[in-house]
Amino acid sequence: MATREIISTGNELAAIAAVDAGCKFFGGYPLTPSSEVMHVISDLLPKVGGVAIQMEDEIGGICAVIGAGMVGQRALTATSGPGMSLKAEQLGLAQMAEVPLVVVNVMRGGPSTGLPTRVSQGDILQSKNPSHGDYKSITFCAGSLAECYTEVVRAFNVADRFMQPVIVLLDETIGHMHGKADIPTVEDVQAGIVPRKTFDGPAEEYFPYECEHDEPAVLNPMYQGYRYHFTGLHHDKFGYPTEEIETCRKLIQRLEDKVALHEDEVESYEEFEMEDADVMIVAYGSVSLAAKESIRHLRAEGIKAGLFRPITIWPSPAAKIKEHTDKIKKVLVVELNIGQYHGEVQRAAARLDIEGLFKVNGRPISPYEIVNKVKEL
Amino acid sequence: MSEIKKIKNLKEFSTSADRFEGANLLCPGCAHSIIVREVLNATNDDLILSAATGCLEVCTAVYPYTSWDASWIHIGFENGSTAVAGAEAMHKALKRKGRLKQDRDPKFVSFAGDGASYDIGFQWISGCFERGHNMMHVVLDNEVYANTGGQRSSSTPIGSSATTSPAGRISYGEKKNKKDMLAIMAAHGSPYVAQVAPNKWKNMIKAIQHGFEAEGPVFINAMSACTTEWKFAPEDTIAISDLATDSLVFPLYEIIDGQKLNITYRPKNVVPVEEYLAAQGRFKHLFKDQYKYLIKEWQERVDQKWDYLQRREEASV
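What this report covers is the structure whose coordinates are included nearby.

The rules behind these values
- Residues numbered from 1 in each chain as written.
- Chains lettered and ligands numbered in written order.
- Predicted model: local features only at pLDDT ≥ 70, side-chain atom pairs only at ≥ 80, totals over all residues.
- Heavy atoms only, no water.
- Helix = DSSP H or I, 4+ residues; strand = E, 2+ residues; numbered from the N terminus.
- Contact = heavy atoms within 4.5 Å.
- Disulfide = S-S within 2.5 Å.
- Buried < 20%, exposed > 50% of the residue type's maximum accessible area, 1.4 Å probe, protein only.
- Buried area = accessible area lost by both parts, 1.4 Å probe.
- Salt bridge = Lys/Arg side-chain N within 4 Å of Asp/Glu carboxyl O.
- Polar contact = N/O pair within 3.5 Å; in protein donor to acceptor, adjacent residues only side chain to side chain.
- Nonpolar A, V, L, I, M, F, W, Y, C, P; charged D, E, K, R; others polar.
- Pairing = 2+ DSSP bridges.
- Right-handed = clockwise from strand over helix to strand, strands pointing away.
- Axes fitted to C-alpha atoms, helices over the stretch in contact; angles between N-to-C directions.
- Core = buried A, V, L, I, M, F, W, Y, C linked by side-chain atoms within 4.5 Å.

1. Some words on the environment of Val36 of chain B
Residue and element names in this part refer to chain B.
Piece 1. Note that Val36 resides in helix 2 (residues 32-41).
Piece 2. The sequence separation of Val36 and Phe20 amounts to 16 residues, and the corresponding C-alpha distance is 7.5 Å.
Piece 3. Discounting chain neighbours no more than four positions away, the residues touching Val36 are Phe20, Leu56, Trp68, Phe111 and Leu140.

Given below as structure tokens:
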């Protein structure tokens with residue numbers, strides 16, 4: 001596949017990716033360290049006939065994006081932890097009513113106002129269940145500048161495939177990192193766009209929420225002659241609110257199963273020096289860059305370390321993690337929080353002896369810290 | 001009711017650092033510190049304060065230092081007003097039950113920028129005013145999200161260039177007119193709302209003391225010229241503020257009990273709006289031929305508003 005070289009930042013690449021992937025709407029609110037996504041896209045979108053609106057707050061931002069999604073447009077919002085907290089309820093609505101959209105969350109220190117200009121990976125668990133109730137989140141985490149581009153593109157396609165929000169996590173380090181990235185050409189990206197399914201039969205036979213037990217709803221863009229009800233309540237095949245026992249059960253089970261039974265379609269991970277590894281490091285986002293550097297040092301000293309990097313964070317590549325942890329005794333999870341993914345690795349591995357190296361002071365983890373920790377194992 | 005503090009002269013008044021220290025990280029020339037100190041110095045009463053996230057909060061409480069010598073709460077972006085409202089409600093309850101050691105009533109003040117007041121914090125302020133808490137909400141109105149990189153807010157005036165409404169070949173910048181918050185807050189039936197500016201300090205003190213004496217929620221919109229985002233030299237803050245009030249772009253007036261409007265400052269020599277715009281980098285592009293018509297429109301808007309304010313004052317409604 002042809003690539004092009006670009007010198008940019010993670011935040012800027014996320015904005016460019018959205019526009020290349022056919023995004024026509026952005027609704028957002030200034031929030032450090034994600035604001036550059038809005039700055040860049042507010043410049044790019046008008047040039048392609050799109051619209052970028054700065055809303056009055058974070059909730060307004062995602063609501064406008066849901067509106068744009070309902071009329072059939074690819075739509076993006078970008079924020080950071082406090083904004084995710086405010087958007088949580090509407091993310092639930094988008095899960096329930098099955099509206100595709102993409103949220104870029106550039107993670108900063110939390111909780112609350114936290115460390116606005118410092119790096120963190122504290123939103124891992126939040127991105128699994130941002131809103132109340134049962135549904136299955138899809139979350140990607142970019143581990144390089146190029147992935148700030150490719151994962152946002154993938155997020156739009158996956159959102160349209162599963163008809164639900166997709167969260168792309170950047171952390172402050174990746175978001176503000178400035179450097180060269182090899183990214184796919186616009187032609188390749190556009191050729192890879194898979195638009196959402198629509199129903200083109202007669203309007204009276206259209207039931208948007210009548211679908212197989214593991215398939216997403218088929219929501220035709222509004223204002224095109226197909227009528228349906230749109231609600232956050234439990235609903236029937238027309239979308240009308242209902243409390244009918246079996247309909248309610250089926251609906252929520254379907255929201256789970258449409259992703260759970262097709263995890264292979266979204267699964268994505270990277271294995272680095274894992275073939276002969278005696279020590280497995282699990283890291284994602286900017287930390288994985290430090291982990292790779294540490295592995296080079298460790299290998300030079302004769303310690304066979306390897307990196308397993310989940311790119312799709314949720315649903316987690318649990319089977320693959322187990323495959324490795326069944327063979328490798330020493331496993332170390334390195335992350336910028338107090339073990340949010342560590343718990344998931346423990347669960348996937350069904351082992352309680354998974355080691356962790358955590359940091360929550362807003363500073364990155366250096367390769368030497370990882371080297372020293374691995375030597376202690 | 002507490003005694004009104006006598007203010008002798010500007011020097012004593014604005015340099016007294018009893019409650020708000022000068023050592024902070026605000027930009028040189030920032031009007032925030034002038035306004036905040038003058039608000040706090042306007043009373044001898046105890047103070048319970050909050051600051052929403054913004055320049056003021058970020059720059060006045062940098063570990064291990066603080067500029068605040070009063071009870072001070074920093075809370076989220078949107079709800080500085082509600083934090084103070086909660087404190088005020090609790091104070092009232094404890095007083096009613098006789099559980100306070102002293103019977104002095106403190107003053108409850110929330111500070112927030114225009115982003116945190118006009119946009120994200122709007123419904124919370126509205127709630128406080130509807131419930132009628134005995135508090136004052138002070139907007140440090142610099143017409144932009146200065147803390148997060150200069151994005152437009154709904155206080156940003158037409159034609160201003162901001163990072164999310166940039167001016168260029170296609171656009172003249174912000175397309176929407178500034179939200180009339182004073183009218184909205186007056187419509188809540190507030191006993192006192194006023195627009196003030198730090199260059200007219202006597203006027204400002206009068207308004208703030210009036211606000212402190214009023215029973216109920218009081219709204220003060222204080223113009224805070226922003227050297228960084230408005231793009232002028234730091235030493236010109238007061239000069240720019242003078243141009244704003246004297247060109248009537250930022251008229252100073254008050255509305256009592258949601259009804260009676262008084263103009264509190266009438267410039268002897270009204271300067272053209274053009275002079276105010278020309279002094280700031282954020283309006284630089286308006287002086288290109290293609291956008292010059294906007295300056296004329298702006299002057300007409302200012303004249304209309306001034307005419308409206310005068311007629312309302314005269315009609316006493």
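2. Brief notes about the state of the cysteines
Residues and elements named next belong to chain A.
Piece 1. Across all of its chains, the model carries 0 disulfides over all chains by this definition.
Piece 2. Between Cys23, a cysteine without a disulfide, and Cys148, which holds the nearest cysteine sulfur, the sulfur-to-sulfur distance is 16 Å.
Piece 3. Cys23 sits in the buried class, given a relative accessible area of 0%.
Piece 4. Between Cys141, a free cysteine, and Cys148, which holds the nearest cysteine sulfur, the sulfur-to-sulfur gap is 9.1 Å.

3. Some words on the interface of chain B and chain A
Piece 1. Every contact between the two is made by 15 residues of chain B and, on the other side, 13 residues of chain A.
Piece 2. In this assembly, chain B packs against chain A so that about 1100 Å² is buried in total across both faces, 57% of it on carbon and sulfur atoms.
Piece 3. If you look at where chain B meets chain A, you find 0 salt bridges.
Piece 4. Put simply, chain B and chain A have 6 residue pairs in polar contact (both at pLDDT 80 or more) between them.
Piece 5. In the side of chain B that touches chain A, the residues fall into 3 nonpolar, 9 polar and 3 charged.

4. Let's talk about the pairing of strand 8 (residues 165-171) of chain A
Residue and element names in this part refer to chain A.
Piece 1. Taking burial as the measure, the 7 residues of strand 8 include 7 buried ones, the bulk of the element.
Piece 2. Note: strand 5 (residues 101-109) against strand 8, 7 bridges, orientation parallel. Counterpart to Met107 in the pairing with strand 8 is Asp171.
Piece 3. Both strand 7 (residues 138-141) and strand 8 contribute to a ladder of 4 bridges, which runs parallel. By the bridge assignment for strand 8, Thr139 is matched with Ile167.
Piece 4. Each parallel crossover has a hand, and for strand 7 linked through helix 6 (residues 145-162) to strand 8 it is right-handed.

5. Considering the pattern of salt bridges
All names here are of chain A.
Piece 1. Scanning the entire structure with this criterion turns up 42 salt bridges over all chains.
Piece 2. Here Arg309 ties to Glu147 by a salt bridge, and the two come within 2.6 Å at their closest N and O atoms. Taken as a pair, Arg309 in strand 12 (residues 305-310) and Glu147 in helix 6 lie far apart in primary sequence, 162 residues in all.
Piece 3. Residue Glu147 is classed as buried on the basis of its relative accessible area, which comes to 10%.
Piece 4. When the shortest N-O distance is used, the salt bridge between Arg161 and Glu215 registers 4.0 Å. Of the two residues, Arg161 sits in helix 6 while Glu215 sits in the loop between helix 8 (186-191) and helix 9 (245-260), which places them 54 residues apart along the sequence.

6. Re unusual backbone geometry
Residues and elements named next belong to chain A.
Piece 1. For the peptide bond that leads from Thr32 to Pro33, omega is 0°, which places it in the cis range.
Piece 2. Inspection of the secondary structure puts Pro33 in the loop between strand 2 (23-28) and helix 2 (35-44).
Piece 3. Although it is not a glycine, Ser112 sits at a positive phi angle of roughly 55°.
Piece 4. Following the sequence through the fold, Ser112 ends up in the loop between strand 5 and strand 6 (115-119).
Piece 5. Here Ser112 falls in the exposed class, since its relative accessible area comes to 59%.

7. Points about the sheet that holds strand 10 (residues 269-272) of chain A
Residues and elements named next belong to chain A.
Piece 1. Taken in spatial order, the 5 strands make up an open sheet running 10-12-11-14-15, and their pairing is mixed. Edge strands, defined here as strands with exactly one partner in the open sheet, are strand 10 and strand 15 (355-358). For this sheet, the mean inter-axis angle between neighbouring strands, taken without regard to orientation, is 20°.
Piece 2. Sheet topology note: the strand 11 (residues 279-282)/strand 12 ladder contains 4 bridges and is parallel. Counted as the bridge partner of Val279 is Ala305 from strand 12.

8. Describing the nonpolar core
Piece 1. One finds Phe219, Trp230, Tyr276, Leu277 and Leu286 of chain B to be the most contacted residues of the largest nonpolar core, which totals 53 residues.
Piece 2. Sorting elements by how many residues they give to this core places helix 12 (residues 292-315) of chain B first, with 6 residues.
Piece 3. Contact partners of Leu286 of chain B, with chain neighbours within four places excluded, come to Gly159, Leu277, Tyr291, Lys292, Leu294, Ile295 and Trp298 of chain B.
Piece 4. Within the second largest apolar cluster, 46 residues are counted, among which are Met84, Leu91, Tyr226 and Tyr341 of chain A.

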